[in-house]
Amino acid sequence: GSVQTIHNGVPDDPYSAAPRLRPGPLIGAVGRVEPQKGFDILIRALREIEGATLVLVGDGRDRVRLDELAHRVGVADRVLWTGWSEDPRNYLASFDVFALPSRFEGFPLVALEALLARAAVVATDVGSVAEAVRDGETGLLVPAEDPSALAHAIRRLLADDDLRQRLGQQGRRLVLERFTAANMAQAYQSLYQELLS
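Attention in this report is confined to the structure presented alongside it. The residue numbering used here restarts from 1 in each chain and proceeds along that chain's sequence as written. Local features in this predicted model are restricted to residues of pLDDT 70 or higher, and side-chain atom pairs are both shown and tallied only at a pLDDT of 80 or more, whereas totals for entire chains, interfaces and linings draw on every residue. Remark: hydrogens and water are excluded; side-chain values derive from all non-hydrogen atoms of the structure.

A few words on the overall build of the chain. What the chain contains, in helices and strands, is seven helices and six strands. Secondary structure elements are taken from DSSP: a helix is a run of H or I of four residues or more, a strand is a run of E of two residues or more, and numbering for both begins at the N terminus. Listing every helix and strand of the chain by position from the N terminus yields β-α-β-α-β-α-β-α-β-β-α-α-α. Taking 16 Å as the expected radius of gyration for a compact globule of 197 residues, we find that the chain reaches 17 Å, a close match to that expectation. Projected onto its principal axes, the C-alpha positions of the chain cover 65 × 35 × 30 Å. Only heavy atoms matter for contacts: two residues are in contact if any of them lie within 4.5 Å across the pair. Sequence separation of 24 or more characterises 72% of the internal contacts of the chain that already satisfy a separation of 6 or more. The method behind every accessible area is Shrake-Rupley, applied with a 1.4 Å probe, and residues are considered shielded solely by the protein chains displayed. Just so you have it, the chain exposes about 9700 Å², and 48% of that area is on carbon and sulfur atoms. Asp and Glu count as negative and Lys and Arg as positive, but His and the ends of the chain are not part of the count. To locate a charge, take NZ of a lysine, CZ of an arginine, CG of an aspartate or CD of a glutamate. Positive and negative side-chain charges of the chain, numbering 22 and 27 respectively, have mean locations separated by a distance of 3 Å. We compute the radius of gyration from the C-alpha atoms alone; for a globule the expected value is 2.2 Å times N to the 0.38, where N is the number of residues.

All right, on to the nonpolar core then. In plain words, nonpolar cores are sets of buried Ala, Val, Leu, Ile, Met, Phe, Trp, Tyr and Cys residues tied together by side-chain atoms within 4.5 Å. The cut-offs for exposure are 20% and 50% of the maximum accessible area for each residue type, with area from a 1.4 Å probe on protein chains only; residues under the lower value are buried, those over the upper are exposed, and the others partly exposed. Residues Ile27, Leu42, Ile43, Leu56, Val122 and Ile154 are the most contacted members of the largest nonpolar core, which totals 33 residues. The biggest single contributor to this core is helix α1 (residues 39-46), with six residues. Excluding residues within four positions of it along the chain, Leu42 makes contact with Ile27, Ala29, Leu54, Leu56, Ala99, Pro101, Leu150 and Ile154.

Within the chain, Arg118 stands out as a residue other than glycine whose phi angle is a positive 65°. Taking relative accessible area as the criterion, Arg118 reaches 44% and is therefore assigned partly exposed. The phi dihedral of Glu145 falls on the positive side, at around 65°, and the residue is not glycine.

Attention shifts here to the sheet that holds strand β4 (residues 97-100). A pair of strands is treated as paired once DSSP finds two or more bridges between them. The six strands are arranged β3-β2-β1-β4-β5-β6 in an open sheet whose pairing can be described as parallel. Since the sheet does not close on itself, it has two edges, and those belong to β3 (79-83) and β6 (140-142), each with one partner. Neighbouring strand axes in the sheet, compared pairwise and without regard to direction, differ in orientation by 25° on average. The pairing of strand β1 (residues 26-30) with β4 spans two bridges and is parallel. Residue Ile27 lies in a different strand from β4, and its bridge partner there is Val97. Contacting β1, β2 (53-57), β3 and β4, α1 crosses the sheet at an angle of about 165° to β2. Along the sheet, helix α5 (residues 147-158) makes contact with β1, β4, β5 (121-124) and β6, crossing β6 at roughly 165°. Here the axes come from fitting lines to C-alpha atoms, over the contacting stretch only for helices, and the angles between their N-to-C directions go from 0 to 180 degrees.

The span you would expect from a helix comes to 1.5 Å times its residue count less one. Relative to the 26 Å expected for 18 residues at 1.5 Å per residue, helix α6 (residues 161-178) spans 26 Å between its end C-alpha atoms, a close match to the ideal helical length. Looking at α6, one finds that the buried residues are Leu163, Arg164, Leu167, Gly168, Gly171, Arg172, Leu174 and Val175. The buried residues of α6 all sit within an arc of 160° when viewed along its axis, so they share a single face. Across α6 from its buried face, at more than 90 degrees, point the exposed residues Asp162, Gln165 and Glu177. Arc definition: directions from the helix axis to the C-beta atoms.

Moving on: α5. The end-to-end C-alpha distance of α5, which contains 12 residues, comes to 16 Å, matching closely the 16 Å that a straight helix rising 1.5 Å per residue would cover. Looking at α5, one finds that the buried residues are Pro147, Leu150, Ala151, Ala153, Ile154 and Leu157. The arc enclosing the buried residues of α5, seen along the axis, measures out at 165°, which places them on a common side. At its buried positions, α5 is contacted by β1, α1, β4, β5, β6 and α6.

Turning to the packing of aromatic side chains, a few remarks are in order. Between rings of Phe, Tyr and Trp, where Trp is taken as its six-membered ring, a pair exists when centres lie within 6.5 Å; planes separated by under 30 degrees are stacked, by over 60 edge-to-face, and by other angles tilted. Taken as a whole, this structure holds one aromatic pair when the rule is applied. Aromatic side chains Phe107 and Phe179 sit 5.3 Å apart centroid to centroid with 50° between the ring planes, which places their arrangement in the tilted category. With Phe107 in the loop between β4 and α4 (109-116) and Phe179 in the loop between α6 and α7 (181-196), this pair connects stretches of sequence that are 72 residues apart. Both residues of the pair, Phe107 and Phe179, count as buried.

On to a nonpolar patch on the surface, then. Residues with no salt bridge and a relative accessible area higher than 30% make up the patches, which join like charges within 9 Å and nonpolar side chains (Val, Leu, Ile, Met, Phe, Trp, Tyr) within 5 Å. Any carboxyl oxygen of Asp or Glu within 4 Å of a side-chain nitrogen of Lys or Arg constitutes a salt bridge here. On the surface, Tyr188, Tyr192, Leu195 and Leu196 cluster together into a nonpolar patch covering about 490 Å² of accessible area. Among the secondary structure elements, Tyr192 is positioned in helix α7. Residue classification places Tyr192 among the partly exposed residues on the basis of a relative accessible area of 47%.

As structure tokens, then:
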């Protein structure tokens, strides 16, 4: 009883929705372009997802290696890089599926932001991701380091509009109930009151 978890929260602020960057199904990912984020796994998964484009929002030291990988596996024409963005949330609503293919995470705020944007989320079951991305309820979870499992989950969502919408709505509802900045502030206030009483 001496340990209490207070999750970081995200604000439900308005944002300017970016236009869709290409016709057809869009898979999006946002983050630092580093090995931890598993974007190489996502690029490999793209080979198994016909007709979809991958939009990668972010930049980092792994960019050149990932460009080379995309060419090597034959999907370079279906990978779009936006580079660094001052407000990457603007892209979230334009994605048909948001992917979080990380090798390891703590509690990623980008997952919360994607859920707030009603995105259909596929994420690896690492760290505390499952506290927000609840398999079959607010998103789909897959094992880390498994391009085929990631591709299968993404294909499942792209093929099922109703499932995407249901997960998106339930994901937004969960974040508003548990993971907003206001909830975080209230949890700290309650903890301080408890400690001082």
